[in-house]
Amino acid sequence: MTIVAQVIKNKTVQSIFTISPNATVLEAITIMAEKGVGALVVAEDEKLVGIFSERDYTRKVTLMERSSNTTPVSDIMTSKVITVGLNHTVEECLQLMTDRHLRHLPVLDKEKLVGFISIGDLVKAAMEDQRVLI
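This write-up is about the structure you can find in this document. Since we're looking at a predicted model, the values are computed, not measured.

**Regarding the sheet that holds strand β1 (residues 18-19)**
1) Next: With respect to topology, three strands assemble into an open sheet ordered β1-β2-β3, the strand pairing being mixed. Strands with a single pairing partner mark the edges of an open sheet, and in this sheet they are β1 and β3 (47-53).
2) Next: Note: strand β2 (residues 39-44) against β3, six bridges, orientation antiparallel. Considered in β3, the bridge of V41 is made with I51.
3) Next: Here helix α2 (residues 25-35) sits on the sheet and contacts β1, β2 and β3; the angle it forms with β3, its principal contact strand, is near 75°.

Take a look at the structure:
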């Protein structure tokens, strides 16, 4: 069974895109568009403090008629972040994401951010596990 460490190793793009909680929402969505990602890790002094996602943007900026130019990421980010470790299995992560309605999971190793996985990364790994099993 595949573990998170293997998922991270097999990712095409292994970069972790971060943003400061003090940055504006416009800066965040610009980075997301440039990098082609659906979420950013919000970090302060290399410490994980939240996640900013497309879902946060649509629900907390657009629908609440806030300005992307002036609203700081800290005002709308998800601050109660659920994380996983390198030894969690793909199955455990998928179950967690399903139960908690998540699309992204930061990966920590001894409190240090070492990866950021999406549901797509995990589905790809699960499909490969099934292919090998068959």
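**Focus on the environment of K110**
1) Next: Relative to the helices and strands, K110 is located in the loop between β5 (104-109) and β6 (112-118).
2) Next: In the structure, K110 is positioned 45 residues away from E65 in sequence and 39 Å away in space, judged by C-alpha atoms.

**Things to note about the sheet that holds β5**
1) Next: Here we have three strands laid out as an open sheet, ordered β4-β5-β6, and mixed in their pairing. Edge positions in the sheet fall to β4 (84-85) and β6, since each has one partner strand and no second.
2) Next: The sheet strands contacting helix α5 (residues 90-100) are β4, β5 and β6, and the helix crosses β5 at an angle near 135°.

**So, the pairing of β5**
1) Next: Within β5, five of the six residues are buried, which leaves the element mostly enclosed by the surrounding structure.
2) Next: Two elements, β4 and β5, share two bridges in a ladder whose sense is parallel. Across the sheet, the residue bridging to G85 is L108, located in β5.
3) Next: In this structure, β5 lies alongside β6, joined through six bridges in antiparallel fashion. From the neighbouring strand, D109 faces β6, where its bridge partner is K112.
4) Next: Counting the residues in the hairpin turn of β5 and β6 gives two residues, including K110, whose phi is positive at 55°.

Rules behind the numbers
- Per chain, the residues get numbers from 1 upward, laid out in the order the sequence is written.
- Confidence filtering applies because this is a predicted model: local features only for residues at pLDDT of at least 70, side-chain atom pairs given and counted only at 80 or more, and all residues used for totals across whole chains, interfaces and linings.
- No hydrogens and no water enter the side-chain calculation; it runs on all heavy atoms of the structure.
- Two strands form a pair only when DSSP identifies at least two bridges running between them.
- Each helix is a run of H or I in the DSSP string that is no shorter than four residues. Each strand is a run of E no shorter than two, and both are numbered from the N terminus.
- It only takes one pair of heavy atoms within 4.5 Å for two residues to be counted as in contact.
- For helices, the fitted axis covers only the stretch in contact; all axes are lines through C-alpha atoms, and the angles between them, taken along N-to-C directions, range from 0 to 180 degrees.
- Between buried and exposed lies partly exposed: a residue is buried under 20% and exposed over 50% of the maximum accessible area for its type, with that area taken using a 1.4 Å probe on protein chains only.

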